[in-house]
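# Structure assessment
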There are 2 protein chains.
Amino acid sequence: MKLALDAMGGDNVPAEIVKGAIDAVKKFSCEIVLVGNEIKILEILREFSDWQSLPLTIKHTDEVIEMGEHPADAVRNKKNSSIVVATQLVKSGECDAVLSAGSTGAAVAAAQLILKRIKGIGRPAIATPIPTPEGVTLLLDSGANVDSKPEHLIQSGIMGALYVEHVLGKKNPKVGLLNIGEEETKGNEQAKETFQLFKNMTTINFTGNAEGRDIPTGKFDVIVCDGFVGNVVLKFGEGLATTIFKLIKEAIDAGGVGAKLGALLLMPTLKELAKRLDASEYGGAPLLGVNGYCIISHGSSDAKAICNAIGLANEYVNRNVLEHIKTALEQELRAKD
Amino acid sequence: MKLALDAMGGDNVPAEIVKGAIDAVKKFSCEIVLVGNEIKILEILREFSDWQSLPLTIKHTDEVIEMGEHPADAVRNKKNSSIVVATQLVKSGECDAVLSAGSTGAAVAAAQLILKRIKGIGRPAIATPIPTPEGVTLLLDSGANVDSKPEHLIQSGIMGALYVEHVLGKKNPKVGLLNIGEEETKGNEQAKETFQLFKNMTTINFTGNAEGRDIPTGKFDVIVCDGFVGNVVLKFGEGLATTIFKLIKEAIDAGGVGAKLGALLLMPTLKELAKRLDASEYGGAPLLGVNGYCIISHGSSDAKAICNAIGLANEYVNRNVLEHIKTALEQELRAKD
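Right, let's walk through the structure included here.

Turning to the overall build of chain A, a few remarks are in order. Regarding its fold elements, chain A presents 11 helices and 12 strands. Taking 337 residues into account, the globule formula puts the C-alpha radius of gyration at 20 Å, and chain A, at 21 Å, falls close to it. Counting only C-alpha atoms, chain A reaches 60 × 60 × 35 Å along its principal axes. Across chain A, the fraction of contacts at a sequence separation of at least 24, relative to all contacts at a separation of at least 6, is 72%.

Below you can see the structure in the form of structure tokens.
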């Protein structure tokens, strides 16, 4: 796989992105084009004596899309921004996939405007893997689009199931619809209509409504929702986990010798657990529904998260998921005719 | 305060409800009418030798609304169900407030049909207190209504702010709108329209959009959202906390002697923290916007949660919050004319 990596998108750029790329080319069979400010990228690369022997190249750009900008306008106006140039590299066929930890809105807009949507898809969806005790639950859409129509949620369900099957290797994945109750009469208009459409589908394993409490347990392999709800849920989960760990740390610091010794003894066990639950172990979320491989990482990604996201991009491309999705959608469209 | 307590609503009824009532009448200055099956209630009461000296009475009912029933239909048809009779006791003036841990939908429907809405309120809202390191953030609506219009969210903001001010004692509370970004251009149609309405209000301290990650941190005192999103968020939080603690326990069980000793030493600190974060410390959520005091508790409430919810009902009634809300809404309506 040859990856176009947006070296300027994220909180710690380009340092963490470049370091993640160096780890990744050593770990996975891939080539990486670092897209961004050449001087700044070289500054980091030179910290690694062997970098010139690695399959890394630089594509210089001098514009950056900031977090506050209107995504589609910024993509249209800043033709020489790192995310636009990186996405163009996929469009031209020079690279197989694009990965960015910058503005999610800009990455989605660039993918939609440059790569275009797959036939049969009204709106692309970000598919975020949520770590669970059973493995992973894919939550989509987690923020690419809001006010989605029921057919868009159905398309997300189809794409999510295919992704889980081909990338995560789980056959016949259980697909749930995020809702406020188990019964099919529950929910807002969007959820009630979507339930009826899902119920009549034979091509995916729809197993009913998923409630909020089902997201972290692994009861479903794929949970489908509107991007507004998905974004709120994901950020709430982040905030909650951070708050809980901060409070545990404060409590230990304020506690006696017993608490401190206890924390010390328990640490290896908790670290192992934290690793299992760490979202950065997955590193990135694919944007499904566009005609090309696009992976979106969290703005706060460090080198480890970027390296893991590159590993995920590798799997995603090598398993030909895009072709599987296209074929499935063509079958769906034919079945409708 | 005299409370109508639905003794038949919840997972462990009537035992936990009755036990919670006994604790509450000893702890708070209140009278309680236990509404439900007299034989079953007496069975529990008789475990307490002093129960006849306590300010407890029983109102017998022989119908129960189950979780799966259509709420409004069930309320209309089961005139002798515990939640309907309990709500009628408030309507008739015999009791000051009603509390139920049964079907939320049925409690909301009973309140709407029997107590009616306050003038100026299009839809009532459940206001759930979320424990944070700073105290509490009130999330509303957390499930009474879905597909709310922007004006309903504004009404929730007004009611939530008054509740925080008068019951939780925080002056000029910060009100946020749950959204997928900080900028006012972000969000779905509902959120964008609501933002504009909030921005032009001078009667409440609107401090902008709240993201999912802001819910558990205490950055806002009141967070307003549609009941669909609020319900998903609350249940996700429950599921996530349960999953994390289950995994910590499993990790400790599977760990070595060090981990077990560490857990033992750390336990008092963690228990103190868990208490601070325990939602059952608040026990219940007021249903704001109906013309009467109605408190909704979680189905899994134990005696402690019920007792705490009764304490909350006590504060809610004694501080005359309903009158404050009515006055504020009349002012809003007059300002609009």
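All right, on to the packing of helix α6 (residues 150-167) of chain A against helix α11 (residues 321-336) of chain A then. Helix-helix packing is characterised by the crossing angle of the two axes and by the distance between the axes. All names here are of chain A. Where α6 meets α11, the closest approach of the two axes is 10 Å, and the angle between their N-to-C directions is 140 degrees. With respect to α11, the axis of α6 lies oblique. As α6 packs across α11, the resulting crossing turns out to be right-handed. Contacts from I158, M159, L162, Y163, H166 and V167 in α6 reach V321, H324, I325, A328, L329 and E332 in α11. Of the residues in the contact of α6 with α11, the class split is 9 nonpolar, 2 polar and 1 charged.

Here we take up the sheet that holds strand β7 (residues 135-140) of chain B. All names here are of chain B. Taken in spatial order, the 5 strands of this open sheet run β6-β7-β10-β8-β9, and their pairing is mixed. Only two strands of the sheet have a single neighbouring strand rather than two, namely β6 (128-132) and β9 (205-210). The mean angle between the axes of side-by-side strands here comes to 30 degrees, regardless of whether they run parallel or antiparallel. As paired strands, β7 and strand β10 (residues 222-224) are joined by 3 bridges and run parallel to one another. Within β10, the residue paired with L138 across the bridge is V222. The strands touched by helix α8 (residues 227-254) within the sheet are β6, β7 and β8 (174-178), with β7 carrying the most contacts at an inclination of about 140 degrees.

Okay, the side chain of N231(B) next. Examined against the element boundaries, N231(B) turns out to sit in helix α8. Taking relative accessible area as the criterion, N231(B) reaches 12% and is therefore assigned buried. Ignoring any residue separated from it by four or fewer positions in sequence, one finds N231(B) in contact with I180(A), S142(B) and G143(B).

Residues and elements named next belong to chain A. Across the sheet, 5 strands lie side by side as β6-β7-β10-β8-β9; this open sheet has mixed pairing. The two strands at the open ends of the sheet, each matched to only one other strand, are β6 (128-132) and β9 (205-210). On average, adjacent strands in this sheet sit at an angle of 30 degrees to one another, irrespective of strand direction. Judged from the 5 bridges that link them, β6 and strand β7 (residues 135-140) form a sheet pairing that is antiparallel. Paired with P131 across the two strands is V136, which belongs to β7. Across the sheet, helix α8 (residues 227-254) touches β6, β7 and β8 (174-178), and the angle it forms with β7 is around 140 degrees.

Turning next to α8(B). Taking 1.5 Å of rise per residue, 28 residues should cover 40 Å, and α8(B) covers 40 Å from first to last C-alpha, within 8% of that figure. For α8(B), the N-terminal cap is D226(B); the gap from its side-chain oxygen to the backbone nitrogen of F228(B) is 2.9 Å.

This paragraph deals with unusual backbone geometry. The peptide bond linking V13(B) to P14(B) adopts the cis configuration, its omega dihedral lying at -10 degrees. Look at N320(A): it is not a glycine, yet its phi comes out positive at around 60 degrees. A relative accessible area of 40% means that N320(A) is categorised as partly exposed. Positioned with a positive phi, D147(B) is a non-glycine residue whose angle comes to about 50 degrees.

Conventions and cut-offs
- Residues numbered from 1 in each chain as written.
- Chains lettered and ligands numbered in written order.
- Predicted model: local features only at pLDDT ≥ 70, side-chain atom pairs only at ≥ 80, totals over all residues.
- Heavy atoms only, no water.
- Helix = DSSP H or I, 4+ residues; strand = E, 2+ residues; numbered from the N terminus.
- Rg over C-alpha atoms; globule rule 2.2 N^0.38 Å.
- Contact = heavy atoms within 4.5 Å.
- Axes fitted to C-alpha atoms, helices over the stretch in contact; angles between N-to-C directions.
- Parallel < 35°, antiparallel > 145°, perpendicular 65-115°, else oblique.
- Left-handed = near helix turned anticlockwise from the far one by under 90°.
- Nonpolar A, V, L, I, M, F, W, Y, C, P; charged D, E, K, R; others polar.
- Pairing = 2+ DSSP bridges.
- Buried < 20%, exposed > 50% of the residue type's maximum accessible area, 1.4 Å probe, protein only.
- Expected span 1.5 Å × (residues − 1).
- Polar contact = N/O pair within 3.5 Å; in protein donor to acceptor, adjacent residues only side chain to side chain.

The values reported here are purely geometric and, on their own, carry no functional implication.
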